[in-house]
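Residue-level structural notes
The lines below spell out each chain.
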Amino acid sequence: MIPLPDSLRAAGLRAAGYLTEIQSAGLTGDTREALVRVFSLSEFAASTAQRHEDWLVDALRRGRFDKPASAADLAAALTEQLDAVTDMAGLQCALRSVRQRHQLWLVWRHVLGLAPLEETTHVCSSMADLLIDAALERVYAWNCERRGVPLGADSGRPQQLVVLALGKLGAEELNLSSDVDLVFTYPEAGSTESGETNQQFFVRVGQQLIQALDALTVDGFVFRVDMRLRPYGASGPLAVDFANLENYYATQGRDWERYALMKARACAGDIAEGTGLLADLRPFVFRRYLDFGAIDALRDMKARLIAERHQSEDVKLGPGGIRDVEFCVQMHQMIWGGREHVLQSPRLLEVLPALGSLGLLEAPKVDALLAGYRMLRDTEHSLQAEADRQTQQLPAAPESRLRLAVSRGFADYAGFLAALDRHRVEIQKVFEDLLGEQPEGEDEATALWRAPTDAARLQRFGFKEIEASSALLLGLVSARDRPAVSENARTRLNRLMPLLLQHLRESAGEGPSSDLILERVTPILRAVLRRSAYLSLLAENPNTLRHLLNLVGTSLWLAQQLAEHPIFFDALLDGRQLSVVPDRATLSASLAEDLKAAGEDEERALNVLREFKSHHVFSVALAEVRGTLPLMKVSDALSFLAEAVLDAALRMAWDANLERFPEYAQPRPFIIVGYGKLGGIELGPGSDLDLVFVHDLPEGAGPFLQRLVRRLLHVLTAPTYSGALYEIDTRLRPSGGAGTMVSSLSAFADYQDKRAWTWEQQALVRARPVAGDAALAKRFAALRREILGLERDRDTLRDEILKMRERISEHLLEDEDADLKRGAGGIVDIEFMVQYLVLAWAHQHPSLTEFTDNVRILDAVERLELLPSGAAGRLRKAYIALRAEWHRSVLDIPDRERASLTLATYRDEVRTIWTLVFGEQTTA
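Note that the structure is predicted; figures quoted are calculated from it, not measured. (Residues numbered from 1 in each chain as written. Predicted model: local features only at pLDDT ≥ 70, side-chain atom pairs only at ≥ 80, totals over all residues. Heavy atoms only, no water.)

On to the side chain of Glu380. Assignment of secondary structure puts Glu380 in helix α17 (residues 363-387). What makes Glu380 buried here is its relative accessible area of 0%. Of note is the side chain of Glu380, whose polar atom sits 3.0 Å from the side chain of Asn175. Excluding its chain neighbours within four sequence positions, the residues that come into contact with Glu380 are Asn175, Ile322, Thr391 and Gln392. (Helix = DSSP H or I, 4+ residues; strand = E, 2+ residues; numbered from the N terminus. Buried < 20%, exposed > 50% of the residue type's maximum accessible area, 1.4 Å probe, protein only. Polar contact = N/O pair within 3.5 Å; in protein donor to acceptor, adjacent residues only side chain to side chain. Contact = heavy atoms within 4.5 Å.)

So, in structure tokens, the structure goes:
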């Protein structure tokens, strides 16, 4: 045994000095020296000894640490600790106490070199079995008392949970500080005596079992529990009956699940039933024929292992690490295990020599793997013994490095690391030889999809952001391998991806980068994995695939919508291209039919509204990107859609209040007035709605109106699984945020006549009724024309508008030259000129108040010759171009350079006309 360096020995002596009972225990010299050594090499041992000093002194006096802890020792300790336990807190405390004491026993024997690898892993696993079973016994009994005993529907027999251990616990190879991979199942479906289903019962039992083991309390934890290997992974039920478990593996089980089940073992609960279940699953795990069909899956797994090597200092995941040895063994088990029963053992140290005996692995390779595996696992245990942490990372701290080296029998860290590296190099050679190179005849795109970490190949395919693009592909591989994904979907994605990658390679340098397209298309592909017919369509139709990639490269907004709503693929794949805008009447009729199908289900109706709106917005945006629908038609379509949706929402809100206010069934003198982009028929994808509510109900209608508006806003903004309908802004109502949510037509008229600010009358230029009572809408439109037609002092009006423009300019960002809306010569300048012309001249020219959209108002300005010849036409052209660029910035990542160029093209002309309209008092 290597002598302790002075620095470590001093630390051990200090730790031992804190234990008063140890000092007076009269221990022999050898025992005291062993104590100091253990404390020197393990901070966990030193801190645990302080909490359990009585127990430690007794154990040392009786020489208990001279031999490994047996199952009988553990069982006796558990019985003693659990005897008086009556609740979860007591159970957690008792389990942690037993675990800490016996963990100290394990660490003691390991760091003193008394325990070979097989002893440490066996005792760790045995302790886990007993602790899990003891915890299960208690929580099962408590639940039976409170909720009744679960009975099998067919047999009528009481049912018990079966806990299947996978991974290292399943193979009885658990390490000193490992998590435990578990699957919960039970023999039969049925119900408890109280009528609860067996699944509900056992899900609750499973939750409490995890709570007993995994929760971090003041006493620490027992085991970290990982349930992700159960059917359907984290999205699947926590417990299923045998029939459903077997059906899942028969119909949806994947090769990696076969790989995981090789180490499965019933570790707690009804062991006999669990053993029988695993026997029934054996044909799924170990195929009777030579399973060379698994080679492709194994090659994928190998590529994944290589991709996950982020830390060369990790003795588990790094090159030549524990995971590599395990893969070398389990690969042969998957291929040959159905024929060679000796290979069906879950224990690596039993299977590895058998591979040599059967001639499946050359003797030198077997020897290298065996020696390397022992070195790595012992190193892993020494790393974890220091502080009881789940780590396989070689330490950076000098003191930790020295502890590790001495624990492994080396005088210094350099000598230890050199020995470890010799083993890792030999393991890596065996690992790299497995499965050979890519299959003969495999094209390079398929090879890239199979191993997406190949930097050189990624570069040849046009990728520049190598790490990011590799991560995207690996993420897609992970999504493909989730339990919930069907075999058909995996097959179709594996067929599609080489075609997609090849297309990116061929189009590299033309338009958006391969990196950008891949970044946008991978979320879409993940979203349609459960609708794999779309994957097949893309694989079978190169033009459709090319079209998809071009679209997502052009529009981030479309890509995000497809990822969020895969159903939109129907519109994408539809060969017909939207070129004619459906009118409002058609949209309203179609929406009414959809809502009729929802019946009285309010939640369904809310989702119908959202799905209807989202589908049509996507179709319109798709047509805009395709170029089949010009800008003005796009705004028309989205404005008509909003009107139809608002009208339906108003009817829903009104009807919902009639039970309490039946007197307001008819008439319904209430309108929604659209301002801003909606009022000006200029909506774009993602636009919010500026709304004002106006009524003509009797004075006593206040309570009804308040409930009506609250309900209406709920219908429009409530988040459902389909999202919110629109973002609503009501601040343009009279008196803004301080005013009532709804005002009568007479109050609206009075406010506009006596108290409205100039900016509010500017806003009125683009106000129009968009939903509600037709008669009241006509009266509002007439009132609007009347207000806009009032004669105003043009100098005062000009000054007010210029002040407002100045205030907007003060809030400009630094990139003013790229601000299409607020920058000099931008959209706001044109809007302000139009509003000034209407407010200044409408008393003489009422036709200026006929329309609410800027383009048709400018047409009227041109006809009336209110601007010099050609000026209105130039403003109209600039306005349409700026709005088109604004739409592009909404549909894709805003391009500052392109926006600056567009604004620069029209700025001088717009500012020249601004000077003509407002004189020399211009604003920057």
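Each pocket or cavity is described by its volume, and for the second largest pocket that value is around 1,200 Å³. Lining the second largest pocket are 35 residues, and of these Gly676, Asp690, Leu732, Arg766 and Lys821 sit closest to its centre. If you list the elements that add at least two residues to the lining of the second largest pocket, you get α32 (676-679), β9 (689-695), α35 (758-764), α37 (794-810), α38 (827-841) and α40 (871-891). When grouped by side-chain class, the residues that make up the lining of the second largest pocket number 16 nonpolar, seven polar and 12 charged. (1 Å grid on protein atoms, 1.4 Å probe; cavity = no way out; pocket = protein on both sides within 12 Å on 5 of 7 lines; lining within 4 Å. Points joined across faces, edges and corners; volume = space filled by probe spheres on them. Nonpolar A, V, L, I, M, F, W, Y, C, P; charged D, E, K, R; others polar.)

This brings us to the environment of Ala468. You can see Ala468 is positioned in helix α22 (residues 466-480). As for Ala468 and Asp853, which are separated by 385 residues in sequence, their C-alpha atoms are 45 Å apart.

Right, let's talk about the pattern of salt bridges for a bit. A complete count under the given rule lists 51 salt bridges for this structure. Notably, a salt bridge pairs Arg228 with Asp226, separated by 2.7 Å at the nearest N-O pair. Residue Arg228 is classed as exposed on the basis of its relative accessible area of 57%. Looking at Asp226, the relative accessible area reads 10%, which means it is buried. Through salt bridges with shared partners, a single ionic network connects Glu444, Asp454, Arg457, Arg460 and Arg505. (Salt bridge = Lys/Arg side-chain N within 4 Å of Asp/Glu carboxyl O.)

In contact at an axis separation of 11 Å, α22 and helix α23 (residues 487-507) are set at 165° when each is read in the N-to-C sense. When the axes of α22 and α23 are compared, the pair comes out roughly antiparallel. Crossing hand, α22 versus α23: right-handed. Along the contact surface, α22 presents Leu473, Leu476 and Arg480, while α23 presents Arg490, Leu493, Asn494, Met497 and Leu501. (Axes fitted to C-alpha atoms, helices over the stretch in contact; angles between N-to-C directions. Parallel < 35°, antiparallel > 145°, perpendicular 65-115°, else oblique. Left-handed = near helix turned anticlockwise from the far one by under 90°.)

Enumeration over the complete set of coordinates arrives at 24 aromatic pairs. Pairing Tyr186 with Phe202 gives two aromatic rings, centres 4.8 Å apart and planes at 25°, and the pair type is stacked. Residue Tyr186 is located in strand β3 (residues 180-186), and its partner Phe202 is located in helix α10 (residues 198-214); the two are separated by 16 residues in the primary sequence. Residue class for Tyr186 comes out buried when judged on its relative accessible area of 2%. Owing to a relative accessible area of 0%, Phe202 belongs among the buried residues under this scheme. Relative to Phe693, the ring of Phe670 has its centre 6.1 Å away and its plane inclined at 25°; by these criteria the two rings are stacked. With a gap of 23 residues between them, Phe670 in strand β8 (residues 670-675) and Phe693 in strand β9 connect regions that are remote in the sequence. Across the pair, exposure class does not vary: Phe670 and Phe693 are buried alike. Here the aromatic residues Trp654, Phe661, Tyr664, Phe670, Phe693 and Phe704 are joined through ring pairs into a cluster of three or more. (Phe/Tyr/Trp six-rings, centres within 6.5 Å; stacked < 30°, edge-to-face > 60°.)

With that settled, the discussion passes to the packing of helix α15 (residues 322-336) against α17. For the pair α15 and α17, the least separation of the axes is 9 Å and the interaxial angle reads 140°. When the interaxial angle is binned, α15 and α17 end up oblique. When you trace α15 past α17, the crossing you get is left-handed. Across from Ile322, Val325 and Cys328 in α15, the residues of α17 making contact are Leu369, Tyr373, Leu376, Arg377 and Glu380. In the contact of α15 with α17, the residues fall into six nonpolar, no polar and two charged.

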